[in-house]
Amino acid sequence: MRKKIVAGNWKMNMTPSQGAILVTDITRQLVKDLDVQIVICPPYTSIDRVARVIRETKWVFCGAQDCHVQLSGAFTGDISAAMLQEMGVRYVILGHSERRKYYHEDDILVAEKIKTAIGEGIRPIYCCGEELQERETNQQFEVVEMQIETALFGLSPEQMSEVVIAYEPVWAIGTGKTATPGQAQEMHEFIRGMIAEKFGDDIASKLSILYGGSCKPENAHELFSQPDIDGGLIGGASLDADAFVKIIQSF
Ligand code: PEP
């Protein structure tokens, strides 16, 4: 059975003290024998506080929202996977559409970041997904195929086994518009099929593929009930403990 994962992407929200309160509130509301891994991805400055709160639990993990492709060096303002690892980070979001849009990151760079993160023992949550205009012109499968090929097909099978994929249609991120369960399932099945063809059925069947894009308590259950949807990457709703816990409980 593959892992069910719900990851919260706090983006550039929550000071360290606010983050500590939020994560405490989340963990306090959760029962301990949940069959779901929870990943909290705060901004870098809140990682230490969040990691301290979740240290006691075996099912809540700390994630980061990005890392540099190099492990150290003259890269002013950047943070490396080695630094994150030492702080207790176990997952890192890579290739998020906001990094692609505001920092012009492409899949060639993201492919290298994925290898760097895995080398440091951090599991990448690789984000892919089409823009609105690409969906409207029915190019979503071509776009996602190209993203996956570029970012993931250079990995070894061992490296691929560490990857989590998040399908995040860009038109659904932060817009309140969600992909229908049918649209999301169709894409997740397509992605799993691509991974099966390249890396084999065993790796594909163990791969967790998360859906992201305006996922909330009202739509999480139907999305998570789809056979190829193994959880969610949650933005806005992860900043509200009650909403985030309800999404986790949708499983
Ligand atoms: C995201 O940024 O990864 C995301 C899914 O955001 P939201 O849930 O707010 O659409």
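In what follows, the structure referred to is the one given above.
Model, not experiment: these values are computed from the prediction. Each chain carries its own residue numbering, running from 1 in the direction its sequence is written. Where totals are concerned, whole chains, interfaces and linings use all residues; where local detail is concerned, this predicted model gives features only for residues with pLDDT of at least 70, and gives and counts side-chain atom pairs only at 80 or more. With hydrogens and water excluded, all non-hydrogen atoms of the structure serve as input to the side-chain values.

Numbered from the N terminus, helices here are DSSP runs of H or I no shorter than four residues, and strands are runs of E no shorter than two. Per the secondary structure count, the protein includes twelve helices and eight strands. The globule rule is 2.2 Å times the number of residues to the power 0.38, and the radius of gyration it is compared with is taken over C-alpha atoms. Relative to the compact-globule value of 18 Å for 251 residues, the protein shows a C-alpha radius of gyration of 17 Å, a close match. C-alpha extents for the protein along the principal axes are approximately 45 × 45 × 35 Å. Throughout this description, buried means an accessible area under 20% of the type-specific maximum (1.4 Å probe, protein chains only), exposed means over 50%, and partly exposed covers the range between. The 251 residues of the protein split such that 53% are buried. Considering only contacts in the protein between residues 6 or more positions apart, those separated by 24 or more positions represent 72%. Charged residues are defined narrowly, with Lys and Arg counted positive, Asp and Glu counted negative, and His plus the chain ends left uncounted. Charged groups are reduced to one reference atom each: NZ for lysine, CZ for arginine, CG for aspartic acid, CD for glutamic acid. If you average the places of the 24 positive and of the 35 negative side-chain charges in the protein, the two averages end up 7 Å apart. Note on contacts: a residue pair is in contact if any heavy atoms of the two residues lie within 4.5 Å.

Now for the side chain of His188. Residue placement: His188 occurs in helix 9 (residues 181-199). For His188, a relative accessible area of 0% gives the class buried. Each residue touching His188, except ones within four places of it in the same chain, is listed here: Tyr167, Ile209, Leu210, Tyr211, Asp228 and Ile229.

This part is about the nonpolar core. Soluble, globular proteins show a tendency: their nonpolar side chains are buried together. Of all hydrophobic cores here, the largest spans 67 residues; its most connected members are Ile114, Leu152, Met160, Ile165, Ile191 and Ile195. Looking at this core, the element that brings in the most residues is helix 9, giving seven residues. Excluding residues within four positions of it along the chain, Ile165 makes contact with Tyr126, Cys128, Ile148, Leu152, Met160, Ile191, Ile195, Leu207, Ser208, Ile209 and Leu210. Residues enter a nonpolar core if they are buried and are Ala, Val, Leu, Ile, Met, Phe, Trp, Tyr or Cys, with the set joined through side-chain atoms within 4.5 Å. Residues Cys41, Tyr91, Ile125 and Cys127 belong to the second largest nonpolar core, which totals twelve residues.

Turning to the site of the ligand, a few remarks are in order. Nearness is judged by heavy atoms alone; a residue qualifies as near a molecule or strand once a single heavy atom is within 4 Å of it. If you check the shell around the ligand, you find 14 residues, and the closest are Lys11, His96, Glu168, Gly174 and Ser214. Each polar contact in these results corresponds to two N or O atoms within 3.5 Å; when the atoms are within protein, one needs to be able to donate a hydrogen and the other to accept it, and residues that are neighboring in sequence are counted only if both atoms are side-chain atoms. The side chain of Glu168 places a nitrogen or oxygen atom 2.7 Å from an oxygen atom of the ligand. One of the backbone nitrogen or oxygen atoms of Gly236 is found 2.9 Å away from an oxygen atom of the ligand. Burial of the ligand by the protein chains amounts to 95% of its free accessible area of 300 Å². In this count, Pro and Cys sit with the nonpolar residues alongside Ala, Val, Leu, Ile, Met, Phe, Trp and Tyr, while Asp, Glu, Lys and Arg are called charged and the others, Gly among them, polar. For the shell around the ligand, a count of residues per class yields four nonpolar, eight polar and two charged. For accessible areas, the Shrake-Rupley method is used with a probe of radius 1.4 Å. Any residue's cover is judged against the shown protein chains and nothing else.

Around the barrel, which closes on itself, the eight strands sit in the order 1-2-3-4-5-6-7-8 with parallel pairing between neighbours. Taken pair by pair, the neighbouring strands of this sheet meet at an average axis angle of 25°, ignoring direction. Alignment of strand 7 (residues 209-212) against strand 8 (residues 231-234), held across two bridges, turns out to be parallel. Its bridge partner lying in strand 8, Gly212 is registered against Leu233. Note on definitions: angles span 0 to 180 degrees between N-to-C directions of axes, and those axes are lines fitted to C-alpha atoms, for helices only across the stretch in contact. Together, strand 5 (123-128) and strand 6 (164-167) form the strand contacts of helix 7 (residues 140-152), whose direction differs from that of strand 5 by roughly 155°. Note: two strands are recorded as paired if DSSP finds a minimum of 2 bridges between them.

This part covers a negative patch on the surface. Grouping into patches uses exposed residues only, defined as over 30% relative accessible area, and leaves out salt-bridged ones; the cut-off is 9 Å for like charges and 5 Å for nonpolar side chains (Val, Leu, Ile, Met, Phe, Trp, Tyr). The working definition used for a salt bridge is a side-chain nitrogen of Lys or Arg within 4 Å of a carboxyl oxygen of Asp or Glu. Judged by side-chain charge, Glu142, Glu145, Glu149 and Glu197 come together as a negatively charged surface patch. Counting residues per element, the negative patch draws most heavily on helix 7, which supplies three residues. Mapped onto the fold, Glu149 is located in helix 7.

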